[in-house]
Amino acid sequence: VLNEPPYVTPKDEVVFDIPMDIELPDTEEEVLMLSVLEMQGLLRSGKLTATELTKIALDALKKYDPEYNMLEVELEDLAYEIAGMADEKLMEGEYVSPIMGI
C-alpha cells in the first residue's frame, strides 16, 4: 500500500440516514435522478416498489441502449424475479441493506 488513509471509519460506526419523507417524483427520469438513500426511503415507505423501480430502470436502458449499447445479456426476467423477492422482504419490514431493491 502506497498511501495509508488518514482515518478509516469502523464498519459498526457507519450510519446511513434514510430519508422517509421523500415524495415520489412526477416522472420516471426524476426517480432515476434520486440518490440511493432517497430511493430506499421511497421503497421502505411503500411509495414505490422494487418491481416498479426495476421497470423504470429497464425502460431507461431500453430507451438509451441503441445509442450507447449498454445491454449485452438479457437479464430482464432475473431482474424482475429479484425485485419481487425484495418487495416481499420490504412488505415484511425486513431491511437487508440500504441498496436492497435498487
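As the structure is a computational prediction, the values presented were derived from the model and not from experiment.

So, how was this worked out
Residues numbered from 1 in each chain as written. Predicted model: local features only at pLDDT ≥ 70, side-chain atom pairs only at ≥ 80, totals over all residues. Heavy atoms only, no water. Helix = DSSP H or I, 4+ residues; strand = E, 2+ residues; numbered from the N terminus. Polar contact = N/O pair within 3.5 Å; in protein donor to acceptor, adjacent residues only side chain to side chain. Contact = heavy atoms within 4.5 Å. Core = buried A, V, L, I, M, F, W, Y, C linked by side-chain atoms within 4.5 Å. Buried < 20%, exposed > 50% of the residue type's maximum accessible area, 1.4 Å probe, protein only. Expected span 1.5 Å × (residues − 1). Arc of directions from axis to C-beta. Patch = residues over 30% accessible without salt bridge, like charges linked within 9 Å, V, L, I, M, F, W, Y side chains within 5 Å. Areas by Shrake-Rupley, 256 points an atom, 1.4 Å probe, with all protein chains shown as cover. Salt bridge = Lys/Arg side-chain N within 4 Å of Asp/Glu carboxyl O. Bend = angle between axes of the 7 residues up to and from the residue.

Details of the side chain of Glu76
- Summarising the element assignment, Glu76 is placed in helix H4 (residues 76-91).
- Separated by 3.0 Å, the side chains of Glu76 and Lys62 make a polar contact.
- Here Glu76 is in contact with Leu58 and Lys62, once residues within four sequence places are set aside.

Quick notes on the nonpolar core
- With 14 residues, the main nonpolar core has Val31, Leu42, Leu43, Leu48, Ala50 and Leu53 as its most contacted residues.
- Contributions of two or more residues to this core are made by helix H2 (36-45), helix H3 (50-68) and H4.
- When residues no more than four places from it in sequence are discounted, the contact partners of Leu48 are Leu24, Val31, Leu42, Leu43, Leu53 and Ile56.

Remarks on H4
- Taking 1.5 Å per residue as the helical rise, H4 with its 16 residues ought to reach 22 Å, and the 22 Å between its terminal C-alpha atoms agrees with that figure.
- Taken residue by residue, H4 has Glu76, Ala83, Ala86, Asp87 and Leu90 as its buried positions. Projected down its long axis, H4 shows its buried positions confined to an angular sector of 105°, all on one face.
- Residue Gly93 follows H4 closely and has a positive phi angle near 80°.

Some words on a nonpolar patch on the surface
- A contiguous nonpolar patch, built from Val73, Leu75, Leu78, Ile82 and Met85 and spanning about 470 Å² of accessible area, is present on the exposed surface.
- Among the secondary structure elements, Ile82 is positioned in helix H4.

A look at H3
- Along its 19 residues, H3 runs 25 Å from first to last C-alpha, staying within 8% of the 27 Å computed at 1.5 Å per residue.
- At Lys62, H3 shows its largest kink, close to 30°, and the proline Pro66 lies no more than four residues downstream.
- For H3, the complete set of buried residues consists of Ala50, Leu53, Thr54, Ile56, Leu58 and Asp65.
- Tucked inside the fold, the buried residues of H3 contact helix H1 (28-32), H2 and H4.
- Immediately beyond the C-terminal end of H3, within one or two residues, lies Asn69, with a positive phi of roughly 55°.

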